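What follows is the residue order along each chain.
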Amino acid sequence: MTQRKLAGAVVVMSALALVGCARSVEGTAMKEGAGGGSEHSADSYPNLLKECDVLTNDALAKTVGADPLDIQSTFVGAVCRWQAANPGGLVDITRFWFEQGSLDNEKKVAAALNYQVETKNIAGVPSILMHSGDACGVASDAGGVVGWWVNPQAPGIDACGMATKLMELTLATSS
């Protein structure tokens, strides 16, 4: 393909990409905290608004049995993800917080995905534990819904214990 044709193809594809991404979204923009979560959630759970920085890499690594030098963030956004090298194998860690979410909705989603669900209290907060194979997640009713998933890439790693510990650290008001 000549350079001229290649340049023309790039221009056309770029224009198509822009047209495909340009659209209106219904709804009203809302200020952080206006989503109907607990009005005092930031006071009760000061770590919630720190998004992906809620726990340090050192705390994450210690909880999943990894060296702090062997953990890296793989995504930062509405859902935060890390991967850590545990002596037993790689461990994927995911944190989410949906300010307008609910524990009831998480239960429904978990049931629809055929996860085993247990009702629990973690640090006095209504929570659920979700099992899927070797992976385990925990969701708590705190300023919407906040949760952790731990997915070991090797058998024999206590994913539920790790997810529960991460939630305990997240909900701690003294940290």
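Residues numbered from 1 in each chain as written. Predicted model: local features only at pLDDT ≥ 70, side-chain atom pairs only at ≥ 80, totals over all residues. Heavy atoms only, no water.

Caption draft 1: Quick peek at the pairing of strand β2 (residues 79–86). Along β2, the buried face is formed by C80, W82, A84 and N86; none of V79, R81, Q83 and A85, which line the opposite face, is buried. When strand β1 (residues 71–75) meets β2, the two strands line up antiparallel, connected through four bridges. Of the residues in β2, the one forming a bridge with Q72 is Q83. Once β2 ends, the chain turns through two residues before running back antiparallel as strand β3 (residues 89–98). (Buried < 20%, exposed > 50% of the residue type's maximum accessible area, 1.4 Å probe, protein only. Helix = DSSP H or I, 4+ residues; strand = E, 2+ residues; numbered from the N terminus. Pairing = 2+ DSSP bridges.)

Caption draft 2: Just the nonpolar core, in detail. Counting 31 residues, the largest nonpolar core has L60, W82, I93 and W148 as its most contacted members. Counting residues per element, the ones that place at least two in this core are α3 (57–63), β2, β3, β5 (125–132), β6 (135–140), β7 (145–152) and α5 (159–171). Ranked by residues supplied to this core, first place goes to α5 with seven residues. Setting aside residues no more than four positions away along its own chain, L60 makes contact with L55, I71, W82, I93, W148 and L166. If you look at the next biggest cluster of nonpolar residues, it comprises nine residues, including L103, A135, A139 and W149. (Core = buried A, V, L, I, M, F, W, Y, C linked by side-chain atoms within 4.5 Å. Contact = heavy atoms within 4.5 Å.)

Caption draft 3: Geometry of unusual backbone geometry. At N114, a residue that is not glycine, the phi angle is positive and equals roughly 60°. Assignment of secondary structure puts N114 in the loop between α4 (103–112) and β4 (116–122). Despite not being glycine, A123 shows a phi value in the positive range, around 55°. Inspection of the secondary structure puts A123 in the loop between β4 and β5. Relative accessible area serves as the criterion here: at 59%, A123 is assigned to the exposed category.

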